Amino acid sequence: MSERAPHDDPDGSGTDPTTLWHGRFAEPPNEALMAMSISIRFDQRLWRDDLAGSRAHVNGLLRAGIIDTDETSAIQEALSQVEREFETESFEFFDTDEDIHTAIERRVTELAGDAGAKLHTGRSRNDQVATDIRLWCRRELTAVAAKVFALQQVLLDRAEAHRYAILPGYTHLQRAQPVLLAHHLLAHGWALGRDVDRLMQSVARLDVSPLGAGALGGSSLPLDPAATAEELGFASVFTNSLDAVSDRDFVAEALFDLSLLAVHLSRLGEEWILWTSEEFGFATLTDAFATGSSMLPQKKNADIAELARGKSGRMIGNLVGLLVTLKGLPLAYNRDLQEDKEPLFDSVDQISLVLDAIRGMIATARFNEAAMREAASSQTVAAIDVAEWLVQRNVPFRQAHSIVGALVRRHLAGEASLDSLVTTELGPEAAALLSADSSIANRRSPGGGGSQTLDSQLSAYRAMLGREQQLIE
Ligand code: ARG
């Protein structure tokens, strides 16, 4: 990074020419102020969006008759040059570049001279930065949705490949009823489907251009915000300039969407930590998606699943941090709003890491069907099926529940196997219901975890993926 922008004092004021506001100031900014104020370290990733916003704004200035065609092409060429410099990572920053907007405008002015000095006409960094973040969110949240979609696809692939595997379904982490592994995997897939839906709804809601709102109240120049909005591909344009520059609802919403998605991945991660433990042994991670211990030679750990769980806390922190930042702000723009970007970028970065790693972990893991089946085969796991068998013989459910409950109690007290107690008390037909297989085969209520309804769930899930694909494209 070079020390100082190599342009001289353009208006001859004799004061520091490296700030955008030097005309009004007799003293250059203090180092401590700049150290706190500079955001270039993290907002430079908005360069693509800043360039897009500037392109549209320049065309708007031409249409408004504020610059002529020569000036327009000089600025547009400078913007193209800046784009090439960013793409080839040769853009040179100066440590007087406060943020990405300042840096690009400084470079455009170097390249296009007097024409460049007209770029910021009728625009403020306040509407500029709001435009940039919306464009960034539109692209990046859609990219996150695509990664969620890819994970949902892996869950479907694994469900289809193991469609006969059975494991215990749990409530309170106690074995409750046998369910198909496919049913369990797709349960996470449905939650992820809501995440995709939510992300794309947020994208649709944030698709409003704030460009043309100026610093807060618009401009006396004949600008046409609707035209720049259209050029930038926004679905609509602001109708209140104060709201346009101060609204960060869409960042809070994005952080909520990402937090809830992170919570879903955290819950899934928690299960995989259990499933890959020696105590459960339901799944084995492939070496490439597991870690070892620096000390204990035998260890193989599910660090991906743990980090998925751990990072959700950080993402919830990002959401809460932003809400607290926003809660006391009067209209319109306040510098506090600069604090929106780091949590947003961090949450998008973190969730992208988690999604890729979890997807790879699940795609490559080996399911130990025998261990799952064994766990689902305890004598009591299908007790409800015997109670429901009684219900079909006209026994009121409360009574059926207590009859079977009493047999379970006698079995657990060591009297006999549940099978022989049920055979003696209710007959062999009832006893035959006690296996995990018959429980899975007999489960027929729509959306249940047995084999009778799996096909219809699979086709509904595929239809959901089809709808998502359209939203994401
Ligand atoms: N870097 C600022 C932000 O991210 C934009 C600049 C607006 N600054 C200002 N003093 N009005 O919010």
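Below: a short report on this structure. Quick caveat: nothing in here was measured; it's all calculated off a predicted structure.

Description of the overall build of the protein chain
Of the regular secondary structure elements, the protein chain holds 19 helices and 6 strands. Its C-alpha atoms give the protein chain a radius of gyration of 31 Å, more than 25% over the compact-globule value 23 Å for 473 residues. Dimensions of the protein chain, computed from C-alpha atoms along their principal axes, come out at roughly 105 × 50 × 40 Å. Considering only residue pairs separated by 6 or more positions, the protein chain has 75% of its internal contacts joining residues 24 or more positions apart. Carbon together with sulfur atoms contributes 52% to the accessible area of the protein chain, which is approximately 22400 Å² in total. Looking at charge distribution, the protein chain has the averaged site of its 44 positive side-chain charges lying 8 Å from that of its 68 negative ones.

Some details on the site of the ligand
In the region of the ligand, the neighbouring residues are Ser-39, Asp-99, Arg-125, Asn-126, Val-129, Tyr-333, Gln-338 and Lys-341. Asp-99 is positioned with one of its side-chain polar atoms (N or O) 3.1 Å from a nitrogen atom of the ligand. Contact between the ligand and Lys-341: an oxygen atom at 2.6 Å from a side-chain N or O atom of the residue. In the complex, 85% of the free accessible area of the ligand, which totals 340 Å², lies under the protein chains. The element best represented in the shell around the ligand is helix 6 (residues 125-161), accounting for 3 residues. Of the residues that constitute the shell around the ligand, the class distribution is 2 nonpolar, 3 polar and 3 charged.

Side note on the pairing of strand 1 (residues 166-171)
Direction of pairing for strand 1 relative to strand 2 (residues 174-180): antiparallel, over a ladder of 6 bridges. The residue bridging Ile-166 from the neighbouring strand is Leu-180, located in strand 2. Linking strand 1 back to strand 2 in an antiparallel pair, the connection comprises 2 residues, with His-172 at a positive phi of about 55 degrees.

Section: the pattern of salt bridges
Tallied over the full model, the rule gives 31 salt bridges. Between Arg-45 and Asp-349 there is a salt bridge; the shortest N-O distance is 2.8 Å. Taken together, the residues Arg-45 in the loop between helix 2 (40-43) and helix 3 (47-63) and Asp-349 in helix 12 (residues 341-364) connect sequence positions 304 residues apart. On the basis of relative accessible area, Asp-349 is assigned to the partly exposed category, the value being 29%. Linking Lys-118 and Glu-71 is a salt bridge whose minimum nitrogen-to-oxygen distance equals 2.7 Å. Of the two residues, Lys-118 is situated in the loop between helix 5 (100-112) and helix 6 and Glu-71 in helix 4 (residues 69-87); the sequence distance between them amounts to 47 residues. Overlapping salt bridges, with partners in common, bring together Glu-85, Asp-97, Arg-106, Arg-107 and Glu-110 in one network.

Concerning the packing of aromatic side chains
What describes a pair of aromatic rings is the distance from one ring centre to the other and the angle between the planes of the rings. According to the stated counting rule, one finds 12 aromatic pairs in the structure shown. Ring centres of Phe-280 and Phe-282 lie 5.2 Å apart, and the angle between their planes is 80 degrees; on these two criteria the pair is classed as edge-to-face. Aromatic ring contacts, followed pair by pair, group Tyr-170, Trp-272, Trp-275, Phe-280, Phe-282 and Phe-367 into a single cluster. Above the face of the Phe-25 ring, Arg-24 is positioned so that its terminal group lies 5.6 Å from the ring centre. Above the plane of the ring of Phe-345 lies Arg-45, whose end atom (NZ or CZ) is 4.6 Å from the centre.

What about the packing of helix 10 (residues 249-275) against helix 12?
Where helix 10 contacts helix 12, the two axes come as close as 10 Å, and the packing angle between them is 30 degrees. Judged on the interaxial angle alone, helix 12 and helix 10 are roughly parallel. As for how helix 10 packs across helix 12, the hand of that crossing is left-handed. Judged by residue contacts, Val-251, Ala-254, Leu-255, Leu-258, Leu-261, Ala-262, Leu-265, Leu-268 and Trp-272 of helix 10 engage Pro-343, Leu-344, Ser-347, Val-348, Ile-351, Val-354, Leu-355, Ile-358, Met-361 and Ile-362 from helix 12.

Some remarks on helix 19 (residues 454-472)
Between the first and last C-alpha of helix 19 there are 27 Å, a value that for 19 residues agrees with the 27 Å anticipated at 1.5 Å per step. Residues Leu-454, Gln-457, Leu-458, Tyr-461, Met-464, Leu-465, Glu-468 and Ile-472 constitute the buried set of helix 19. Viewed along the axis of helix 19, the buried residues span an arc of 120 degrees, placing them on a single side of the element. Facing away from the buried surface of helix 19 by more than 90 degrees, the exposed residues are Arg-467 and Gln-470.

Some thoughts on the environment of Glu-71
The class of Glu-71 is buried, set by a relative accessible area of 17%. Between the alpha carbons of Glu-71 and Gly-214 there is a distance of 21 Å; along the sequence they are 143 residues apart. Excluding its chain neighbours within four sequence positions, the residues that come into contact with Glu-71 are Ile-66, Ala-115 and Lys-118.

Focus: a nonpolar patch on the surface
Taken together, the side chains of Leu-216, Leu-242 and Leu-331 present a nonpolar region at the surface, about 280 Å² in accessible area. Looking at the element boundaries, Leu-331 is found in the loop between helix 11 (303-327) and helix 12. Residue classification places Leu-331 among the exposed residues on the basis of a relative accessible area of 63%.

Re the packing of helix 6 against helix 19
Angle between the axes and distance between the axes: these two values describe a pair of packed helices. Running from N to C, helix 6 and helix 19 point in directions that differ by 160 degrees, and their axes come no closer than 11 Å. When the axis of helix 6 is compared with that of helix 19, the two are roughly antiparallel. Crossing handedness for the pair helix 6 and helix 19: left-handed. Where helix 6 abuts helix 19, its residues Thr-142, Ala-145, Ala-146, Phe-149, Gln-152, Gln-153, Leu-155, Leu-156 and Glu-160 lie against Leu-458, Tyr-461, Arg-462, Met-464, Leu-465, Glu-468, Gln-469 and Ile-472. Taken together, the residues of the contact of helix 6 with helix 19 break down into 10 nonpolar, 4 polar and 3 charged.

Thresholds applied
- Residues numbered from 1 in each chain as written.
- Predicted model: local features only at pLDDT ≥ 70, side-chain atom pairs only at ≥ 80, totals over all residues.
- Heavy atoms only, no water.
- Helix = DSSP H or I, 4+ residues; strand = E, 2+ residues; numbered from the N terminus.
- Rg over C-alpha atoms; globule rule 2.2 N^0.38 Å.
- Contact = heavy atoms within 4.5 Å.
- Areas by Shrake-Rupley, 256 points an atom, 1.4 Å probe, with all protein chains shown as cover.
- Lys, Arg positive; Asp, Glu negative; His and termini not counted.
- Charge placed at Lys NZ, Arg CZ, Asp CG, Glu CD.
- Near = heavy atom within 4 Å.
- Polar contact = N/O pair within 3.5 Å; in protein donor to acceptor, adjacent residues only side chain to side chain.
- Nonpolar A, V, L, I, M, F, W, Y, C, P; charged D, E, K, R; others polar.
- Pairing = 2+ DSSP bridges.
- Salt bridge = Lys/Arg side-chain N within 4 Å of Asp/Glu carboxyl O.
- Buried < 20%, exposed > 50% of the residue type's maximum accessible area, 1.4 Å probe, protein only.
- Phe/Tyr/Trp six-rings, centres within 6.5 Å; stacked < 30°, edge-to-face > 60°.
- Lys NZ or Arg CZ within 6 Å of the ring centre and 35° of its normal.
- Axes fitted to C-alpha atoms, helices over the stretch in contact; angles between N-to-C directions.
- Parallel < 35°, antiparallel > 145°, perpendicular 65-115°, else oblique.
- Left-handed = near helix turned anticlockwise from the far one by under 90°.
- Expected span 1.5 Å × (residues − 1).
- Arc of directions from axis to C-beta.
- Patch = residues over 30% accessible without salt bridge, like charges linked within 9 Å, V, L, I, M, F, W, Y side chains within 5 Å.

None of the figures reported here should be taken as evidence of function without further support.
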